[in-house]
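Chain residues, written in single-letter form:
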Amino acid sequence: MTTLPYVTVSCAMSIDGYLDRADGDRLVLSNPADLDRVDELRGQHDAIMVGASTIRRDDSSLLVKSADRRSRRIARGLSYSPAKVTVTSSGRLPRDAAFFTTGAVDRLVYCPAARVAELAGALGECAVVVGLGTEVTMRGLLEDLAARGIHRLMVEGGGTVLTQFLADGLVDELQLVIAPLFLGDEGDARIVSRARFPWTAAHRATVSETRQIGDVVLVRYALSDRAERRAGHGASGGPVLAGRKA
């Protein structure tokens, strides 16, 4: 049986549960100290994943920024920054996006098998295009990543991708930052969309850490047995709180 990569979801939201505005203007919910924490977290993973809509909207490079962290990765025989991963059903990915144009790292684009030829032709040598059946599932994507030697995957958004991973119970750890503001517009992007999730009133998630970072609060949830084991050993820094299920 294939051991799937350890999946960490890292995201920030407003108090009322929104990731971003609907008007297209990028909203920064975090602060410099927390962004530095995220940079450290990136350096601990083998690959970083975002959805195609996030690439189109945010145009983030998804690279480790700290020179010291890059050097530490190279000293361990790794690329200076993790591989980049995305998924698309439509095939609409701008070739000039920072995802493709920045960083000498591997790039993987997952799509339905029917779109492989078209997308591979459009992207050329910018990325490896992988077709997974008629519709890409996050489990199928993780199985393919595992076969490629990816042991730890960091998922940064957006809401559609987060919903798919969480609803399918494929997330080991959720690192959620709450910003001290409200958005409140129904058209804005929520952290997740409607779905059935494994964590309910009868099966509550385990809180493994809470930490104030400037004006934001980080809450870490252990969502799998292996995450709970890591939390029990005080993994990845910060004060560890004993969480319990109802």
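What counts, and at which threshold
- Residues numbered from 1 in each chain as written.
- Predicted model: local features only at pLDDT ≥ 70, side-chain atom pairs only at ≥ 80, totals over all residues.
- Heavy atoms only, no water.
- Buried < 20%, exposed > 50% of the residue type's maximum accessible area, 1.4 Å probe, protein only.
- Helix = DSSP H or I, 4+ residues; strand = E, 2+ residues; numbered from the N terminus.
- Pairing = 2+ DSSP bridges.
- Contact = heavy atoms within 4.5 Å.
- Core = buried A, V, L, I, M, F, W, Y, C linked by side-chain atoms within 4.5 Å.
- Polar contact = N/O pair within 3.5 Å; in protein donor to acceptor, adjacent residues only side chain to side chain.
- Axes fitted to C-alpha atoms, helices over the stretch in contact; angles between N-to-C directions.

Caption draft 1: Representation of the pairing of strand β11 (residues 216-222) within the structure. With respect to burial, β11 is a largely interior element, 5 of its 7 residues being buried. The pairing of strand β8 (residues 173-178) with β11 spans 6 bridges and is antiparallel. Bridge pairing in β11 links V177 to L218. Taken together, the 7 bridges between strand β10 (residues 206-213) and β11 define a ladder with antiparallel strand orientation. Across the sheet, V207 pairs through a bridge with Y221, a residue of β11. Between β10 and the antiparallel strand that follows it, β11, lie 2 residues; G214 among them carries a positive phi value of about 60°.

Caption draft 2: Focus on the environment of L218. Within the element layout of this structure, L218 appears in strand β11. For the pair formed by L218 and C11, sequence separation is 207 residues and the distance between their alpha carbons is 9.8 Å. Every residue in contact with L218, bar those within four places of it in the chain, is listed here: R37, Q175, L176, V177, E209, T210, R211 and I213.

Caption draft 3: Inspection of the nonpolar core at higher detail. Within the largest apolar cluster, 32 residues are counted, with the highest numbers of intra-cluster contacts made by M49, Y110, L142, L145, V155 and F165. Elements that contribute at least two residues to this core include exactly β1 (6-13), β3 (47-51), β4 (83-87), β5 (107-111), α6 (138-147), β7 (152-157), α7 (159-167) and β8. For M49, the contacting residues outside a window of four places in its chain are V85, V87, M138, L141, L153, M154, V155, E156, G157, V161 and F165.

Caption draft 4: Quick peek at the side chain of E209. Note on placement: E209 falls in strand β10. Side-chain polar atoms of E209 contact the side chain of R211, separated by 2.8 Å. Side chain to side chain, E209 and R220 meet in a polar contact 2.6 Å long.

Caption draft 5: Highlighting the sheet that holds β11. Across the sheet, 9 strands lie side by side as β6-β5-β4-β3-β7-β1-β8-β11-β10; this open sheet has mixed pairing. At either margin of the open sheet sits one strand with a lone partner, and together these are β6 (128-131) and β10. Averaged over all pairs of adjacent strands, the angle between their axes in this sheet comes to 20°, without regard to strand direction. Seen against the sheet, α6 touches β1, β3, β4, β5, β6 and β7 and runs at an angle of roughly 145° to β5. Packing against the sheet, helix α8 (residues 225-232) makes contact with β1, β7, β10 and β11, and its axis sits at approximately 80° to β1.

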